[in-house]
Amino acid sequence: MTGTGVLAVTPELYPLIKTGGLADVTGALPGALAGEGVTVTTLLPGYPEVLRALQGVRVDHQYADLFGGAAHLLSGLAAGLELFVLDAPHLYERDGGPYGDARGIDWSDNAFRFAALSRVGADLGLGLLPDYRPAVLHAHDWPAGLTAAYLQYSGRPRPATVMTVHNLAFQGRFDRRLLPALGLPPAAFSVDGVEYYGGVGYLKAGLRLSDRITTVSPTYAAEICTPEGGMGLDGLLRGRGDRLTGILNGIDVQTWDPARDPLIAAPYGRKKPSARAANKAELQRMMGLDSEPGAMLFGVVSRLTWQKGLDLLLAALPALLAEGAQLAVLGSGDAPLQAGFTAAASAHPGRVACLLGYHEAAAHQVQAGADALLVPSRFEPCGLTQLCALRYGAVPVVARVGGLADTVIDASPMAVAAGAATGVQFAPVNVPMLEHAIRRAAALYRDKATWRRLQANGMAADVSWTGPARLYADLFRGLIAERAA
Ligand code: ADP
Ligand code: GLC
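Remember, predicted model here, so these are calculated numbers, not experimental data.

A word on the state of the cysteines
Within the structure shown, the criterion is met by zero disulfides. C382 provides the cysteine sulfur closest to C388, a residue in no disulfide bond, and the two sulfurs are 10 Å apart.

What to know about the layout of surface pockets
Estimates place the volume of the second largest pocket at around 360 Å³. P273, S274, A277, D371 and Y445 are the residues nearest the centre of the second largest pocket, which is lined by 17 residues in total. Mapped onto the lining of the second largest pocket, the elements with two or more residues apiece are α9 (276-287) and α17 (448-460). It is α9 that provides the largest number of residues to the lining of the second largest pocket, a total of five residues. Classifying every residue of the lining of the second largest pocket by side-chain character gives six nonpolar, five polar and six charged.

Considering the environment of G56
Structurally, G56 can be placed in strand β3 (residues 55-63). Once the C-alpha coordinates of G56 and G76 are considered, the two residues, 20 residues apart in sequence, prove to be 5.2 Å apart. When neighbours within four sequence positions are excluded, G56 is seen to be in contact with S75 and G76.

Here's the deal with the sheet that holds strand β15 (residues 352-356)
Ordered by their spatial adjacency, six strands build an open sheet running β15-β14-β13-β16-β17-β18, and the pairing between neighbours is parallel. Edge positions in the sheet fall to β15 and β18 (424-426), since each of these pairs with one other strand and no more. Ignoring strand direction, the axes of neighbouring strands in this sheet form an average angle of 20°. Strand direction decides the pairing type here: strand β14 (residues 326-333) and β15, joined by five bridges, are parallel. Looking at β15, one finds that A328 is bridged to A353. With respect to the sheet, helix α12 (residues 360-369) is in contact with β13 (297-304), β14, β15 and β16 (372-375), its orientation differing from that of β13 by roughly 150°.

Quick notes on the sheet that holds strand β10 (residues 199-201)
Spatially, three strands are ordered β8-β10-β9 in an open sheet, and the strand pairing comes out antiparallel. Each end of this open sheet is capped by a strand with a single partner; those strands are β8 (173-174) and β9 (195-196). Pairing between β8 and β10: two bridges, direction antiparallel. Looking at β10, one finds that R173 is bridged to G201. Lying over the sheet, helix α6 (residues 202-209) contacts β8, β9 and β10, oriented at roughly 60° with respect to β10.

Regarding the site of ligand 1
In the vicinity of ligand 1 there are 19 residues, among which G21, D24, R303, K308 and L384 approach most closely. Between ligand 1 and the protein, one listed contact pairs a nitrogen atom with a backbone N or O atom of G357 at 2.8 Å. One nitrogen or oxygen atom from the main chain of H359 is found 3.0 Å from a nitrogen atom belonging to ligand 1. Considering ligand 1 on its own, with 560 Å² of exposed area, one finds that the protein chains cover 92% of that surface. Among the secondary structure elements, those contributing two or more residues to the shell around ligand 1 are α1 (21-34), β13 and β14. Examining the composition of the shell around ligand 1, we find that three residues originate from one element, β13, more than from any other. Of the residues in the shell around ligand 1, the class split is five nonpolar, nine polar and five charged.

Regarding the nonpolar core
Across soluble globular proteins, you tend to see nonpolar side chains buried next to one another. With 71 residues, the main nonpolar core has L83, L146, L168, L184, V194, Y202 and L207 as its most contacted residues. When residues in this core are grouped by element, the largest group, eight residues, is from helix α4 (residues 110-125). With near-sequence residues (within four places) excluded, L83 lies in contact with L13, L16, T41, T42, L44, L54, L74, S75, G76 and A78. The next biggest cluster of nonpolar side chains, apart from the first, holds 68 residues, and it includes L320, L327, V352 and A399.

Some words on the domain arrangement of the protein chain
Each assigned domain of the protein chain is listed with its residue range as follows: domain 1 (6-250 + 466-484) and domain 2 (273-460). For domain 1 and domain 2, the distance between their C-alpha centroids amounts to 33 Å. On the domain 2 side, the residues contacting the 19 residues of domain 1 number 15 residues. Together domain 1 and domain 2 conceal approximately 1,200 Å² of surface at their shared face, both sides included; 62% is due to carbon and sulfur atoms. Its largest share of buried area at the contact with domain 2, domain 1 owes to T219, L248 and N249, together 26% of the area lost on that side. At the junction of domain 1 and domain 2, the tally comes to zero salt bridges. For the side of domain 1 that touches domain 2, the secondary structure elements donating two or more residues are α1 and α7 (218-223). Among the elements that take part in the side of domain 1 that touches domain 2, α7 stands out by supplying four residues, more than any other. Residues that form the side of domain 1 that touches domain 2 fall into these classes: eight nonpolar, eight polar and three charged.

Basis of the calculations
- Residues numbered from 1 in each chain as written.
- Chains lettered and ligands numbered in written order.
- Predicted model: local features only at pLDDT ≥ 70, side-chain atom pairs only at ≥ 80, totals over all residues.
- Heavy atoms only, no water.
- Disulfide = S-S within 2.5 Å.
- 1 Å grid on protein atoms, 1.4 Å probe; cavity = no way out; pocket = protein on both sides within 12 Å on 5 of 7 lines; lining within 4 Å.
- Points joined across faces, edges and corners; volume = space filled by probe spheres on them.
- Helix = DSSP H or I, 4+ residues; strand = E, 2+ residues; numbered from the N terminus.
- Nonpolar A, V, L, I, M, F, W, Y, C, P; charged D, E, K, R; others polar.
- Contact = heavy atoms within 4.5 Å.
- Pairing = 2+ DSSP bridges.
- Axes fitted to C-alpha atoms, helices over the stretch in contact; angles between N-to-C directions.
- Near = heavy atom within 4 Å.
- Polar contact = N/O pair within 3.5 Å; in protein donor to acceptor, adjacent residues only side chain to side chain.
- Areas by Shrake-Rupley, 256 points an atom, 1.4 Å probe, with all protein chains shown as cover.
- Core = buried A, V, L, I, M, F, W, Y, C linked by side-chain atoms within 4.5 Å.
- Buried < 20%, exposed > 50% of the residue type's maximum accessible area, 1.4 Å probe, protein only.
- Domains from an automatic or database assignment.
- Buried area = accessible area lost by both parts, 1.4 Å probe.
- Salt bridge = Lys/Arg side-chain N within 4 Å of Asp/Glu carboxyl O.

As structure tokens, this is what we get:
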């Protein structure tokens, strides 16, 4: 075993391929863990954008037939990270996203696409390459869930395994008849293996068979053990509660640094949040909102899905407008929500605006220019946009769920008096409580001294990876020591 070497297995990695925060995490964690003396190498599917970015390519292994076609295991560097890339054209060489086509329809062979990823991760863990032996396999979300299963059913000495849940809503459940084709033995099809409600559950397998389970906030770790938050897996998770921990995400504080951000109109430091005014003006201009420096500007940067609760925001819009506030939405996702925000923007020109699509630079400008960032999620494993908002002085107004509950300190009279508050929280997550939160935020905004204090507290909060990376490093080391004993 090579000390504390970790092989991360993931379907996404920023800046190469991203649909959400998972990519931000797998992109930033290796660098943060290096500071803790933990070396991470990452295994990614060979999507076209990943193959294009890979430098110094070596061919480490050839598979004559990996789920229906030849494949090569490559290694090299991309985005400053050491990568293994599974070049399997029959599985990954296509236009579209990592999980589906351009219309968002899942690829019909996802069971094999991600079984292949997990299988190769497991092979690397079992010593496929003579000069590479990770001590820990770290699997991210359902696409990497079978890694622990392939290791377990190999019957060979295996490295330690950690399964991280970024979102329990995505579980990867497939037909049981695929079992032989997946290369898993009949014995694997049991409640203690990969069986999940009569099918093969990829996430379930990872949760059942990994040595440790982590998720991305302490509150979400507790929520997923309840029937309300467990999405069918709460029983299993309760049973493995002593193996489950919540470790908060951080953000990359180099990429997200308002003082040095090349993607915003006017960089500003922590000492001078008043310099945000120029960014607010730019955001209003860019989104076609009335240029009113005094109007409170709420921003949203989000996938447009049920999870994010933005249908509630559409319903709460009259309350927001009644405060004289404006709304700038940057998002992409479900067609009805896209249509809802487009219609709201036409009904309220100058007051409501939306930019549909995924735009990195615009996300930075919203964080730099909005007075407050709205995150009314129904559930939120961690959430990264509220962390960016804290760092940029956009006061987060959030649902009190998951990681949002753990990272924002509500402006209760006591927290304000104690000088600790960083934002506004609301619960339960429904339209009246969201309206109430919007009104509270607007009242706080009118009290300029208090608002400045909220901004300053948020901008001083540590949202970096330093603390979380230490917790991951401790977890990995503890696990290695335990298995060596
Ligand atoms: P999730 O992973 O559930 O989508 P997170 O808050 O963890 O939520 O992460 C979302 C990430 O995606 C953040 O980095 C955010 O800035 C980014 N993001 C979301 N929507 C957009 C968009 N439309 N344009 C640019 N960036 C976006
Ligand atoms: C998921 C969650 C989000 C979390 C991200 C990274 O996409 O929805 O809350 O921040 O993963 O862990």
